[in-house]
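# Results of the structural survey
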Amino acid sequence: QVQLVQSGGGLVQAGGSLRLSCAASGSTFRVNTMGWFRQAPGNQRDLVATQSRGGATNYADTVKGRFTISRDNAQNTVYLEMNNLKPEDTAVYYCSAQFWSGSYHWGQGTQVTVSS
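Here the structure is a predicted model, which means the values were calculated and not measured.

### A few points about the pattern of salt bridges
Counting across every chain of the model gives 4 salt bridges. Residue Asp89 is joined to Arg38 by a salt bridge in which the shortest nitrogen-to-oxygen separation is 2.9 Å. With Asp89 in the loop between strand S8 (77-82) and strand S9 (91-99) and Arg38 in strand S4 (residues 31-39), the pair connects residues that are 51 residues apart, well separated along the chain. Each member of the pair Asp89 and Arg38 is classed as buried.

Structure, rendered in structure tokens:
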């Protein structure tokens, strides 16, 4: 198993910035891709950004150019820098770790609220 502990998030005005962090522990050797998903009330959990162990990144179209994912493989930590935040970015953000086998594991979630 792998444990994911998130930090960051909170309340920010539109146009502001926030940074999320997620530290993995346990069977981290099993992890290929780490990233972030988000879920707004009444909606499904959607991909925000992911990064593979080799460095390949994938972003949702809605955040391209505003959000940046980065990863420290030595520290088993993934970050999400969020700039020019919009009210529609308001959601609970979940850190994800996908094993080489394909299974997903999740962090505890953190609220991001963007006021207009």
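### A few points about the environment of Leu4
With respect to the secondary-structure elements, Leu4 resides in strand S1 (residues 2-8). Along the backbone, Leu4 and Ser25 are 21 residues apart, and their C-alpha atoms lie at a distance of 6.6 Å. Not counting the four nearest positions on each side in its chain, Leu4 is found in contact with Cys22, Ala23, Ala24, Met34, Cys95, Ser96, Ala97, His105, Trp106, Gly107 and Gln108.

### Some words on the nonpolar core
The biggest cluster of nonpolar side chains holds 28 residues, and the ones touching the most others in it are Met34, Trp36, Leu80, Met82 and Tyr93. Sorting the residues of this core by element identifies S1, strand S3 (18-26), S4, strand S5 (46-51), strand S7 (67-72), S8, S9 and strand S11 (110-115) as the ones contributing at least two each. The biggest single contributor to this core is S9, with 5 residues.

### A look at the packing of aromatic side chains
On inspection of all chains with the given rule, the structure shows 3 aromatic pairs. For the ring pair Phe37 and Tyr104, a centre distance of 6.0 Å and an interplane angle of 85° mean the geometry is edge-to-face. Placement of Phe37 in strand S4 and of Tyr104 in strand S10 (residues 104-106) is noted, with a sequence separation of 67 residues between them. Relative to Trp106, the ring of Tyr104 has its centre 5.7 Å away and its plane inclined at 15°; by these criteria the two rings are stacked. Look at Tyr104 and you get partly exposed, because its relative accessible area is 40%. Here Trp106 falls in the partly exposed class, since its relative accessible area comes to 35%. By the ring-pair criterion, three or more aromatic residues cluster together here, those being Phe37, Tyr104 and Trp106. Above the face of the Tyr94 ring, Arg45 is positioned so that its terminal group lies 3.6 Å from the ring centre. Here the guanidinium or amino end of Arg45 rests over the ring plane of Trp106, the centre of that ring lying 4.6 Å away.

The rules we used
Residues numbered from 1 in each chain as written. Predicted model: local features only at pLDDT ≥ 70, side-chain atom pairs only at ≥ 80, totals over all residues. Heavy atoms only, no water. Salt bridge = Lys/Arg side-chain N within 4 Å of Asp/Glu carboxyl O. Helix = DSSP H or I, 4+ residues; strand = E, 2+ residues; numbered from the N terminus. Buried < 20%, exposed > 50% of the residue type's maximum accessible area, 1.4 Å probe, protein only. Contact = heavy atoms within 4.5 Å. Core = buried A, V, L, I, M, F, W, Y, C linked by side-chain atoms within 4.5 Å. Phe/Tyr/Trp six-rings, centres within 6.5 Å; stacked < 30°, edge-to-face > 60°. Lys NZ or Arg CZ within 6 Å of the ring centre and 35° of its normal.

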